[in-house]
Amino acid sequence: MQSFDMMDNKIILRVQDRICETEDEVLSSELFSGIVTSALEKLVKRNSILLNVFGKNTVTDSDVDTIIETLKFLSKMPANLVPNVVPGASILLKDPIQFNGLVEYIYNFWRSFDRFIISDSKGKDWDKRPYRTFNETIGHLTNLIRRMYRDIQENVTGQHPRIYRQVAAGAEVSTIAVSKAVKLPMEYEVLNKVSMMRQMLIYPPLILTPPNNKRSGRFERVMENPLKGIDFNSREWLCYPAKVGELVILVYFHNSYAELGHSLCNLFEMAEDEDLERAPDAIYAYGVPPESLARFECKQIFFEDTANNILVGAVPRSAEFGYFGYLKKMILTLHNIIMMRRGILPFHGALVRLILKGNIDRTILFIGDTGAGKSETLEALRGIGEGEIQDLIVIADDMGSIKIAPDGSIVGYGTEIGAFLRLDDLQPGYALGQIDRAIIMNANQVNARIIIPVTTYEQVIRGQKIDIIMYANNYDAIDEEHPIIERFKDPERALSVFREGTAMSKGTTTSTGLVHTYFVNPFGAAQYKDLHDPLAKKYFEAFFKANVFVGQMRSRLGLSGWERKGPEDAARELLRVIKG
């Protein structure tokens with residue numbers, strides 16, 4: 001049994017038993033009929049010359065039936081024989097070259113969709129034999145469609161191709177989802193009818209085009225549960241159980257955001273079965289009906305359900321919010337609030353462990369806004385220090401937390417196993433070196449993004465003693481009073497710089513120019529200043545007491561003409577500080 005949904009540029013195929021096993025089954029399917037109909041409607045709107053195949057510039061339901069029947073026989077026999085068995089095929093095939101162009105167009109039209117298979121493991125053990133399941137679904141469908149396409153083309157043209165391109169002809173993503181009741185408070189039990197993702201298979205590099213490519217505004221706290229009264233249709237929703245640092249956050253996403261929800265696999269570790277035996281720390285519903293949030297002034301909201309000791313986030317279903325940042329940053333906002341409630345200081349920045357020859361081992365925390373030069377400086381450091389660096393281990397790429405150990409040392413943790421990066425800011429070698437695992441979004445637009453795994457969950461949560469904490473300053477020019485790296489003499493001066501959170505915006509949100517963000521962290525810290533302020537004061541005093549190097553690094557990334565050289569100079573100076 002299988003069903004499908006076509007929406008915008010997505011096709012979601014749900015399988016509960018078996019997938020099409022023969023070419024005839026594919027060509028006779030409701031989905032194939034829908035693809036051919038939609039493809040021909042697009043040609044009619046364009047008044048394409050490919051319509052000459054029909055001998056007219058309109059297409060009827062009867063024409064659709066005829067072309068599908070013609071394709072069925074073309075998958076088995078040469079074109080010159082098909083008119084003998086399919087009435088009307090002689091008109092379609094009068095010009096084989098033009099008909100072949102129509103076949104190519106329909107094939108590429110199908111491949112222009114983001115294509116997902118959901119293997120719904122109701123009453124089955126598909127999640128216990130994932131490799132076999134993936135072979136029987138996504139692998140089988142890919143081979144079947146590609147073979148069918150080639151058979152038809154060869155029977156139309158009478159020629160074998162000289163070059164074969166093994167493109168992803170079936171689905172690009174396959175998921176095994178199960179019905180799994182997790183320990184949710186009674187008010188949230190309606191969510192247990194939504195299938196939970198347990199395994200995924202993707203064919204990277206995966207190129208997706210979500211409806212938006214920037215995030216604006218910030219997430220606001222509300223005093224009423226935004227999920228109250230919402231009915232979650234199990235056909236329209238999926239749950240990705242994300243391990244965010246030490247937390248488990250259940251992320252429910254609507255089919256409208258399927259390409260974004262599935263992309264979480266490159267950013268957050270998927271929770272294990274044992275992780276789901278305890279109650280989740282937070283819930284995020286991404287893509288709720290817009291009318292359900294009409295009572296709230298802001299539409300990017302979260303609620304602290306103190307009665308049930310759980311945080312709840314929600315964003316409505318709208319093209320405006322169809323950007324991965326709304327997914328990632330809300331998840332991290334929920335994480336940060338929970339950490340602060342536990343007396344742990346969250347940070348917005350990058351945490352790396354750098355091991356140099358000569359038994360030098362340092363862990364560095366760069367705190368800074370998006371575009372401040374954290375990633376750029378690290379990439380410059382890889383090149384400049386190539387002969388001296390033994391290992392550079394990423395612990396946190398964008399967000400994490402800090403704890404004070406019983407002995408007074410400062411220990412850092414991450415949240416994500418992946419990175420959500422601007423494609424145009426990456427060093428060429430880095431981008432190309434990781435492209436085979438990447439999910440790429442809005443590749444032809446400003447602020448094109450790439451999501452790639454950069455570390456392991458074990459590195460994220462193991463805890464690493466921090467030696468250096470730097471504020472990433474991308475706006476100051478360098479002079480005698482403003483060195484590339486400046487060490488702060490006391491916690492008060494350090495707190496002042498970090499709290500002010502000044503940065504030159506790179507345009508990755510709707511902000512531009514010089515901006516100020518409380519601790520460069522609008523993801524929880526800014527909403528809970530009364531909680532964060534005393535926590536930050538306590539931690540910064542602990543930094544100095546533990547003799548951690550606390551300062552700021554001027555990357556000049558936000559200054560015109562210094563986009564490359566600024567981070568390189570900062571990397572050289574950082575290497576000197578580490579070795580000194």
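Residues numbered from 1 in each chain as written. Predicted model: local features only at pLDDT ≥ 70, side-chain atom pairs only at ≥ 80, totals over all residues. Heavy atoms only, no water.

**Thoughts on helix α12 (residues 491-500)**
By the burial criterion, the buried members of α12 are P491, A494, L495, V497 and F498. For α12, the angular spread of buried residues about the axis comes to 165°, placing them on one side. In this fold, the buried residues of α12 make contact with β15 (360-367), β23 (468-473), α13 (529-545) and β27 (549-554). Among the residues of α12, the N-terminal cap falls to D490, whose side-chain oxygen and the backbone nitrogen of E492 are separated by 3.2 Å. Looking one or two residues past α12, G501 carries a phi angle of roughly 60°, positive in sign. (Buried < 20%, exposed > 50% of the residue type's maximum accessible area, 1.4 Å probe, protein only. Helix = DSSP H or I, 4+ residues; strand = E, 2+ residues; numbered from the N terminus. Arc of directions from axis to C-beta. Contact = heavy atoms within 4.5 Å. Polar contact = N/O pair within 3.5 Å; in protein donor to acceptor, adjacent residues only side chain to side chain.)

**Considerations on the pattern of salt bridges**
Using the criterion set out here, one finds 33 salt bridges in the structure. Between E541 and K537 there is a salt bridge, with the nearest N and O atoms lying 2.8 Å from each other. With E541 and K537 both in helix α13 and four residues apart, the pair spans about one turn of that helix. (Salt bridge = Lys/Arg side-chain N within 4 Å of Asp/Glu carboxyl O.)

**Brief notes about the sheet that holds strand β20 (residues 439-441)**
The strand order across the open sheet built from four strands is β6-β20-β21-β19, with neighbouring strands paired in mixed fashion. The two strands at the open ends of the sheet, each matched to only one other strand, are β6 (206-208) and β19 (418-422). Each neighbouring strand pair of the sheet contributes to a mean axis angle of 20°, computed without reference to strand direction. As paired elements, β20 and strand β21 (residues 449-453) share three bridges and run antiparallel to each other. Its bridge partner lying in β21, I440 is registered against I450. (Pairing = 2+ DSSP bridges. Axes fitted to C-alpha atoms, helices over the stretch in contact; angles between N-to-C directions.)

**Side note on the pairing of strand β13 (residues 310-316)**
With respect to burial, β13 is a largely interior element, seven of its seven residues being buried. With six bridges joining them, strand β11 (residues 282-288) and β13 adopt parallel strand pairing. Bridge pairing links A282 to L311 in β13. Hairpin connection of strand β12 (residues 301-305) to β13: four residues between the antiparallel strands, including N309 at a positive phi of 55°.

**Considering the packing of aromatic side chains**
Pairs of aromatic rings are described using the distance from one ring centre to the other and the angle between the two planes. One pass over the full model with this rule turns up 17 aromatic pairs. Here F302 and Y528 contribute two aromatic rings whose centre-to-centre distance is 6.2 Å and whose plane-to-plane angle is 25°, an arrangement assigned as stacked. Residue F302 is found in strand β12, and its partner Y528 is found in the loop between β26 (513-516) and α13; the two are separated by 226 residues along the sequence. Exposure remark for F302: the relative accessible area of 0% places this residue in the buried category. On the basis of relative accessibility, which here comes to 2%, the residue Y528 falls in the buried class. A centroid spacing of 5.0 Å and a plane angle of 65° characterise the contact between F324 and F420, whose relative ring orientation is edge-to-face. Separated by 96 residues along the polypeptide, F324 in helix α8 (residues 324-341) and F420 in strand β19 bring together distant segments of the chain. Classification of F324 as buried rests on a relative accessible area of 0%. On the accessibility criterion, F420 (8% relative accessible area) is buried. One residue, K76, lies across the ring of F73, its end atom 5.8 Å from the ring centre. (Phe/Tyr/Trp six-rings, centres within 6.5 Å; stacked < 30°, edge-to-face > 60°. Lys NZ or Arg CZ within 6 Å of the ring centre and 35° of its normal.)

**So, the nonpolar core**
With 83 residues, the main nonpolar core has Y240, F498 and F543 as its most contacted residues. Counting residues per element, this core draws most heavily on α8, which supplies 11 residues. Ranked by size, the runner-up nonpolar core spans 52 residues in total, among them I11, L40, I67 and F109. (Core = buried A, V, L, I, M, F, W, Y, C linked by side-chain atoms within 4.5 Å.)

**Here's the deal with the side chain of N474**
Inspection of the secondary structure puts N474 in the loop between β23 and β24 (485-487). Here N474 is in contact with G371, A372, A503, M504, S555, R556, L557, G558 and L559, once residues within four sequence places are set aside.

**Thoughts on the packing of helix α9 (residues 374-384) against helix α14 (residues 565-579)**
Interaxial distance between α9 and α14 falls to 8 Å at its minimum, and their mutual angle equals 65°. For the element pair α9 / α14, the angle class is roughly perpendicular. The handedness of the crossing between α9 and α14 is right-handed. Between α9 and α14, the residues in contact are E376, T377, A380, L381 and I384 and P567, E568, A570, A571, R572, L574 and L575, respectively. (Parallel < 35°, antiparallel > 145°, perpendicular 65-115°, else oblique. Left-handed = near helix turned anticlockwise from the far one by under 90°.)

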